[in-house]
Amino acid sequence: METKVYKIENINRDQKAIRAGAALIRQGQTVAFPTETVYGLGANALDGQAVNRIFKAKGRPNDNPLIVHIADPSHFEALAHDVSARVPLLVREFWPGPLTIILKKSPRVPPETTAGLDTVALRMPNHPIALSLIQESGTPIAAPSANRSGRPSPTTAQHVLDDLSGRIPMILDGITPCRVGLESTVLDMSGDIPTILRPGGITPGMLEKVLGHVKIDGAVLEPLDMRQAPRSPGMKYNHYSPRAHVIIYRGQALGAMVGEIKKIAAKYQYDGQKVGILATDETMDRYREGLVISLGSRREPAVLAANLFASLREFENRGVDVILAEWVDEREEGLAIMNRMVRAAGFHVVDIEKPVEHKTKGDKRK
Ligand code: AMP
Ligand code: MG
């Protein structure tokens, strides 16, 4: 199958491309499109056969449910039931935006979309192309990230093409990279306690202002306990992995972290491996080893988030064998960054101790 790419520079002038995409969605085909988080691979959420095409193109396991995208905040009412009174507050505050809300599903949503669960994930994206495509299609659009399953999510049309060329009929190219750069926050509102299943652009602090206390699921920074059923099935799969081995170094002191990464980088280089270092503006000048990419300044976690997936793909395009990455503060937006990074690394995190000054009894210096 040929994958057509339509560039959309101006949403009004390029309506023809949106209409072509909407026609494909109505025919039960898939279309990749930009959102403010990452590119999505969409199909008619109410058509099980259409949704199956998404799973096939991505190579996604069938038991990993999809997020249903709507273009009007009130549309969630037709797709869910038993909705808590707090949900309209979240909708008012965060939609359109990077917040996905899990609710009890209406029978209108087919089991393919929710992977057989009795809940459905809903979001209204904040991107003119996504909203226009959904409106023009006249149906909610189920869309996971538009990457091959297990790979870093795409933040440009080129990333989508790199993964799915020949497997999908159309990509709507939004020209500028996705603004948030990480997938939406997934918040479970189907039970009594609001629970973050996946952190994203809407931070725990922002949610707590509306809801009071919010629980963070234990699987956010830790590997899943395989003896328990995961609350968010997507969490059990390999994720965000570039074609290079990723190792993360975690330490309190930046200097110690940089020192350890330099030492390990030199070792890998000695072994003939091409090393990439995922650094920050505060540290990048201290490295002399390998290919260094900075995610941005530690003072601007939103920028670090926006650059993460593109940087992982850049390393792989430059033929890097091993990526050594610095830990960044996991509070607020940092939680989403580290949630993706630890999965990209298959949970390979090395803890560096602060250098401790030992005073021994034999030390007689005055
Ligand atoms: P993706 O669209 O590829 O970013 O993945 C969607 C994420 O939302 C996955 O981690 C899913 O497990 C999660 N998700 C979707 N629907 C549900 C649901 N009904 N309950 C819990 N998690 C869900
Ligand atoms: Mg995904």
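Residues numbered from 1 in each chain as written. Chains lettered and ligands numbered in written order. Predicted model: local features only at pLDDT ≥ 70, side-chain atom pairs only at ≥ 80, totals over all residues. Heavy atoms only, no water.

J.: Describe the confidence of the model for the chain, listing the residues and the values that go with them.
T.: On average, residues of the chain score 93 in pLDDT, and 92% of them are at 70 or above. Across residues 360-366, confidence stays below pLDDT 50; counting only partners more than four residues off in sequence or on other chains, it has zero contacts. (pLDDT = per-residue confidence, 0-100. Contact = heavy atoms within 4.5 Å.)

J.: Could you give me a rundown of unusual backbone geometry, with the residues and numbers involved?
T.: As a rule of thumb, non-glycine residues mostly have phi less than zero, and peptide bonds are mostly trans rather than cis. Put simply, Trp95 and Pro96 share a cis peptide bond, and its omega is -5°. A positive phi angle, near 55°, is found at Ala115, a position not held by glycine. For Ala115, the location among the structural elements is in the loop between helix H4 (111-114) and strand E7 (119-123). At Glu332, a position not held by glycine, the phi torsion is positive, near 45°. (Helix = DSSP H or I, 4+ residues; strand = E, 2+ residues; numbered from the N terminus.)

J.: How would you explain the environment of Arg13 if you had to name every residue and give the values?
T.: Looking at the secondary structure, you find Arg13 in the loop between strand E1 (4-7) and helix H1 (15-26). Note on Arg13: relative accessible area 61%, which makes it exposed. As a C-alpha pair, Arg13 and Phe347 span 334 residues in sequence and 46 Å in three-dimensional space. (Buried < 20%, exposed > 50% of the residue type's maximum accessible area, 1.4 Å probe, protein only.)

J.: Account for the packing of aromatic side chains, naming residues and giving values.
T.: Taken as a whole and judged by the stated rule, the model has two aromatic pairs. Measuring from centroid to centroid gives 6.2 Å for Phe76 and Trp95, while their planes differ by 75°, and the two rings are edge-to-face. Of this pair, Phe76 sits in the loop between strand E4 (67-69) and strand E5 (80-81) while Trp95 sits in the loop between helix H3 (87-94) and strand E6 (99-105), placing them 19 residues apart in sequence. Owing to a relative accessible area of 5%, Phe76 belongs among the buried residues under this scheme. Geometry around Trp327 places Arg250 over its ring, the cationic atom sitting 4.5 Å from the centre. (Phe/Tyr/Trp six-rings, centres within 6.5 Å; stacked < 30°, edge-to-face > 60°. Lys NZ or Arg CZ within 6 Å of the ring centre and 35° of its normal.)

J.: Which residues make up the packing of H3 against helix H7 (residues 204-211), and what values do they have?
T.: Interhelical geometry of H3 versus H7 gives an angle of 130° and a closest axis separation of 10 Å. Here H3 is positioned oblique relative to H7, judged by the angle of their axes. Judged by the twist between their axes, the crossing of H3 over H7 is right-handed. Residues Leu89, Leu90, Glu93 and Phe94 of H3 pack against Met206, Leu207, Val210 and Leu211 of H7. Per-class residue counts for the contact of H3 with H7 are seven nonpolar, no polar and one charged. (Axes fitted to C-alpha atoms, helices over the stretch in contact; angles between N-to-C directions. Parallel < 35°, antiparallel > 145°, perpendicular 65-115°, else oblique. Left-handed = near helix turned anticlockwise from the far one by under 90°. Nonpolar A, V, L, I, M, F, W, Y, C, P; charged D, E, K, R; others polar.)

J.: Please provide a residue-by-residue account of the environment of Gln29, values included.
T.: Its place among the elements puts Gln29 in the loop between H1 and strand E2 (31-33). Residues Gln29 and Ile54, spaced 25 residues apart in sequence, show a C-alpha to C-alpha distance of 8.7 Å. In contact with Gln29, other than residues within four places in its own chain, are Leu24, Gly42, Ala43, Arg53 and Pro169.

J.: Lay out the sheet that holds strand E14 (residues 275-279) in plain terms, naming residues and giving numbers.
T.: With respect to topology, five strands assemble into an open sheet ordered E15-E14-E16-E13-E17, the strand pairing being parallel. Of all strands in the sheet, those bounded by a partner on one side alone are strand E15 (291-294) and strand E17 (349-351). Averaged over all neighbouring strand pairs, the angle between strand axes comes to 20°, with direction disregarded. Taken together, the four bridges between E14 and E15 define a ladder with parallel strand orientation. Looking at E15, one finds that Ile277 is bridged to Val292. Sheet strands in contact with helix H8 (residues 254-270) are strand E13 (245-250), E14 and strand E16 (322-326), and its direction is about 175° off that of E16. Of the strands in this sheet, E13, E14, E16 and E17 are in contact with helix H10 (residues 333-344), which crosses E13 at around 130°. (Pairing = 2+ DSSP bridges.)

J.: Outline H8, listing residues and values.
T.: Each full turn of the α-helix corresponds to 3.6 residues, which orients residues three or four apart in the same direction. Spanning 17 residues, H8 covers 24 Å between terminal C-alpha atoms, matching the ideal 24 Å at 1.5 Å per step. Among all positions of H8, only Met257, Val258, Ile261, Ile264 and Ala265 are buried. The arc enclosing the buried residues of H8, seen along the axis, measures out at 135°, which places them on a common side. Residues Lys267 and Tyr270 are exposed on H8 and point more than 90 degrees away from its buried face. (Expected span 1.5 Å × (residues − 1). Arc of directions from axis to C-beta.)

J.: Can you break down the packing of H1 against helix H5 (residues 128-137) residue by residue, with the values?
T.: Here H1 crosses H5 at 55°, and the two axes come no closer than 8 Å. On the basis of the axis angle, H1 is oblique to H5. Judged by the twist between their axes, the crossing of H1 over H5 is right-handed. Listed contacts from H5 to Gln15, Ile18, Arg19, Gly21, Ala22, Ile25 and Arg26 of H1 are Ile129, Ser132, Leu133, Glu136 and Ser137.

J.: Give me the lowdown on a positive patch on the surface, citing residues and values where you can.
T.: The grouping of Arg53, Lys56, Arg148 and Arg167 at the surface amounts to a positive patch. Secondary-structure assignment places Arg167 in the loop between helix H6 (157-164) and strand E9 (170-173). The exposure class of Arg167 is partly exposed, given its relative accessible area of 33%. (Patch = residues over 30% accessible without salt bridge, like charges linked within 9 Å, V, L, I, M, F, W, Y side chains within 5 Å. Areas by Shrake-Rupley, 256 points an atom, 1.4 Å probe, with all protein chains shown as cover. Salt bridge = Lys/Arg side-chain N within 4 Å of Asp/Glu carboxyl O. Lys, Arg positive; Asp, Glu negative; His and termini not counted. Charge placed at Lys NZ, Arg CZ, Asp CG, Glu CD.)

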